[in-house]
Amino acid sequence: MQPNQITEILDRPLSRELLARDLTRLAYVAEDGTPRAVPIAFTWNGSQIVMCTTKNAPKLPALRRNPMVALTIDTEVHPPKILLIRGRAELDVVDGIPDEYLQMNGTYEMTPEQRVAWEAEVRSLYDGMVRIVVTPTWAKLIDFETTLPSAVEELVRQREERRRA
């Protein structure tokens, strides 16, 4: 997929809404060779998905060995709105708490007092984190109104051909 095609998809209003959400599902190949899909908080910086995790997270050795990942960001309503992204994970070990981690958890409902207590707990627990940064190399937006999964698109095309025959 060409970079301009990816940009066009990610710049759509619905994509921007999905990229403003809190949670994605990160899919990768675990060290034992089996697939994993884990929910993880994220933020979109305008060109990359940034996720943060502990320095001892089991996913890190797997991502070092095979950095190719897939992300799903979706809604819980019918029809679902789904943004699919593929890319390569780059790992960045940082001291302290990355600003993105504090930002990506900023939309959860917390009172100001809860926020202060949460941030203090985070700062006392982590001496550093790993930023998982994914630059999209492929993207697809599915809204079930203007875009469909490719298999469903194929069924619609076949149905139209049968109707014309």
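The structure contained in this document is the topic of the report that follows. (Residues numbered from 1 in each chain as written. Predicted model: local features only at pLDDT ≥ 70, side-chain atom pairs only at ≥ 80, totals over all residues. Heavy atoms only, no water.)

### Remarks on the nonpolar core
In this structure, Leu10, Leu19, Ile49, Met51, Leu83 and Val134 are the most contacted members of the largest nonpolar core, which totals 29 residues. Among the elements of the structure, α1 (3-10), α2 (13-19), β1 (23-29), β4 (49-53), α3 (59-65), β5 (68-74), β6 (82-95) and β7 (128-142) are those that each provide at least two residues to this core. Take this core: its biggest share by element is 5 residues, from β7. In contact with methionine 51, other than residues within four places in its own chain, are Thr24, Leu26, Ile40, Ala41, Phe42, Leu71, Met104, Val130, Arg131, Ile132 and Val134. The next biggest cluster of nonpolar side chains, apart from the first, holds 9 residues, and it includes Ile97, Tyr101, Leu102 and Met104. (Core = buried A, V, L, I, M, F, W, Y, C linked by side-chain atoms within 4.5 Å. Buried < 20%, exposed > 50% of the residue type's maximum accessible area, 1.4 Å probe, protein only. Helix = DSSP H or I, 4+ residues; strand = E, 2+ residues; numbered from the N terminus. Contact = heavy atoms within 4.5 Å.)

### Details of the packing of aromatic side chains
Enumeration according to the criterion identifies 2 aromatic pairs in this entry. Taking 5.9 Å as the distance between ring centres and 25° as the angle between the ring planes, the aromatic pair formed by tyrosine 101 and tryptophan 118 counts as stacked. Highlighted residues: tyrosine 101 in helix α4 (residues 99-104) and tryptophan 118 in helix α5 (residues 112-125), separated in sequence by 17 residues. With relative accessibility at 13%, the residue tyrosine 101 sits in the buried group. An aromatic cluster of three or more residues is present, and its members are Tyr101, Trp118 and Tyr126. Positioned above the aromatic ring of tryptophan 138 is the side chain of arginine 86, whose terminal nitrogen or guanidinium carbon lies 3.7 Å from the ring centre. (Phe/Tyr/Trp six-rings, centres within 6.5 Å; stacked < 30°, edge-to-face > 60°. Lys NZ or Arg CZ within 6 Å of the ring centre and 35° of its normal.)

### Quick word on the side chain of threonine 75
Positionally, threonine 75 belongs in the loop between β5 and β6. A polar atom in the side chain of threonine 75 sits 3.0 Å from the backbone nitrogen of lysine 81. Those residues in contact with threonine 75, other than ones at most four positions away along the chain, are Leu18, Arg21, Pro80 and Lys81. (Polar contact = N/O pair within 3.5 Å; in protein donor to acceptor, adjacent residues only side chain to side chain.)

### Quick word on the pairing of β4
Counting buried positions over the 5 residues of β4 gives 5, a clear majority of the element. Alternating positions in β4 separate into two faces, Ile49, Met51 and Thr53 on one and Val50 and Cys52 on the other, with burial throughout. If you look at the hairpin formed by strand β3 (residues 43-44) and β4, you'll find 4 residues sitting between the two strands, and glycine 46 has a positive phi there, around 105°. Of the pairings in the sheet, the one linking β4 to β7 comprises 5 bridges and is antiparallel in character. Bridged to isoleucine 49 within β7 is valine 134. (Pairing = 2+ DSSP bridges.)

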